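# An overview of the molecular structure
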Amino acid sequence: MRPAPAKVPDSNALERLGGATLQVVHDLKNQLNGLKLYATFLRKRLKREDQPPDERETLQKLIAGLDRAAKDLTALVRFARPLELRAQANVDLRRIISKVIAEAAERETGGLPRVAIAADIEAASVIGEFDSVAITEAVKAITDDVRASVSPKDPQPLSVAMRVDRETARAAIEWRGSHLNRRSGSGLNDCGSIHTALATKIIEAHGGEVNCDNNTIRVLLPLSSKRI
């Protein structure tokens, strides 16, 4: 007997399925955000009462888990939708990266603790034509993904470096963690979570590229000729 011919997927059906899935994800995100509000209210109540520390710690872990799940779903919705970039000339990439690094070292987000970040950033302004909001989102996403790969017991700290290649007029940004493969793959790229997949989409839309290995994520972004 001849094998039955493979069925070609119905593009219209796939499009409808994708739209329905996106709506479900959007609704789940809203529900998780609602649960987080309830959990945060409960945490404030417990602070006013003589509650055992282990119960407060459990609640804090619950809130962190809800926060991570909501962030993942938000990134998935953002990834599925077309990007609408509003690029502007004379955007200083150095300023964006320096600000993100400083904030990441201070904030606790998604259950991630504060962490020391070794920064080696180009001293002069690094000017290019970027959507500053989108590039900031991409840099934050990669930084948090690398943070999630670092354990307090790791001998090598998280580091971020940026240099300008004047021959190619591109900025090279490099994040180093200990084991980026601790992050579960998103199925959308080989660099980690859905957040780095979204960051890759943003960077490629700017004409850049993203490469990664076991402990490093490298980004190349084109700059305006004024910088060189």
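Please refer to the structure placed before this passage.
Calculation rules
- Residues numbered from 1 in each chain as written.
- Predicted model: local features only at pLDDT ≥ 70, side-chain atom pairs only at ≥ 80, totals over all residues.
- Heavy atoms only, no water.
- Helix = DSSP H or I, 4+ residues; strand = E, 2+ residues; numbered from the N terminus.
- Expected span 1.5 Å × (residues − 1).
- Buried < 20%, exposed > 50% of the residue type's maximum accessible area, 1.4 Å probe, protein only.
- Contact = heavy atoms within 4.5 Å.
- Axes fitted to C-alpha atoms, helices over the stretch in contact; angles between N-to-C directions.
- Parallel < 35°, antiparallel > 145°, perpendicular 65-115°, else oblique.
- Left-handed = near helix turned anticlockwise from the far one by under 90°.
- Nonpolar A, V, L, I, M, F, W, Y, C, P; charged D, E, K, R; others polar.
- Phe/Tyr/Trp six-rings, centres within 6.5 Å; stacked < 30°, edge-to-face > 60°.
- Lys NZ or Arg CZ within 6 Å of the ring centre and 35° of its normal.
- Pairing = 2+ DSSP bridges.
- Salt bridge = Lys/Arg side-chain N within 4 Å of Asp/Glu carboxyl O.

## Side note on helix α5 (residues 194-205)
Across its 12 residues, α5 extends 17 Å between first and last C-alpha, which sits within 8% of the 16 Å expected from 1.5 Å per residue. Of all 12 residues in α5, 9 are buried, a share of seventy percent or more. Every buried residue of α5 is accounted for by Ile-194, His-195, Thr-196, Ala-197, Leu-198, Ala-199, Thr-200, Ile-202 and Ile-203. Of the surrounding elements, those touching the buried residues of α5 are α2 (53-80), α4 (132-149), β6 (209-212) and β7 (216-222). Positive phi appears at Gly-207, one or two residues downstream of α5, with a value of about 85 degrees.

## Looking at the environment of Ile-97
You can see Ile-97 is positioned in helix α3 (residues 93-106). On the basis of relative accessible area, Ile-97 is assigned to the buried category, the value being 0%. Sequence separation between Ile-97 and Thr-143 is 46 residues; the distance between their C-alpha atoms is 9.7 Å.

## A few points about the packing of α2 against α5
Contact geometry of α2 with α5 gives a least axis separation of 9 Å together with a crossing angle of 30 degrees. In terms of orientation, α2 lies roughly parallel with respect to α5. As for the relative orientation of α2 and α5, their crossing is left-handed in sense. Where α2 approaches α5, its residues Lys-71, Asp-72, Ala-75, Leu-76, Arg-78, Phe-79 and Ala-80 are matched on the opposing element by Ile-194, His-195, Ala-197, Leu-198, Lys-201 and Ile-202. Considered class by class, the residues forming the contact of α2 with α5 number 8 nonpolar, 1 polar and 4 charged.

## Some thoughts on the packing of aromatic side chains
One pair of aromatic rings is described through two measures. These are the centre distance and the angle between the planes. Throughout the structure, instances matching the rule amount to 0 aromatic pairs. If you follow Lys-201 out to its NZ or CZ, it ends over the ring of Phe-79, 5.1 Å from the centre.

## Points about the pairing of strand β5 (residues 170-176)
It is a general feature of regular strands that their side chains alternate between the two faces of the sheet. Here β5 shows a buried face lined by Ala-171, Ile-173 and Trp-175 and an unburied face lined by Arg-170, Ala-172, Glu-174 and Arg-176. Relative to β5, strand β4 (residues 158-165) is paired through 7 bridges, and the arrangement is antiparallel. Paired with Val-164 across the strands is Ala-171, a residue of β5. Counted between consecutive antiparallel strands, the loop separating β4 from β5 contains 4 residues, among which Ala-169 sits at a positive phi close to 55 degrees. As defined by bridge partners, β5 adjoins β7 across 7 bridges and the pair is classed as antiparallel. Directly across from Trp-175, in β7, lies its bridge partner Ile-217.

## Focus on the pattern of salt bridges
Taken as a whole and judged by the stated rule, the model has 8 salt bridges. Between Lys-71 and Asp-144 there is a salt bridge; the shortest N-O distance is 3.7 Å. Of the two residues, Lys-71 is situated in helix α2 and Asp-144 in helix α4; the sequence distance between them amounts to 73 residues. The shortest N-O distance in the salt bridge between Asp-120 and Arg-163 comes to 2.8 Å. Here the residue Asp-120 occupies a position in strand β2 (residues 117-121), and Arg-163 occupies one in strand β4, the gap between them amounting to 43 residues. Salt bridges linked by common partners bring Lys-71, Asp-144 and Arg-147 together as one network.

All quantities given are derived from atomic positions and should not be read as evidence of function.
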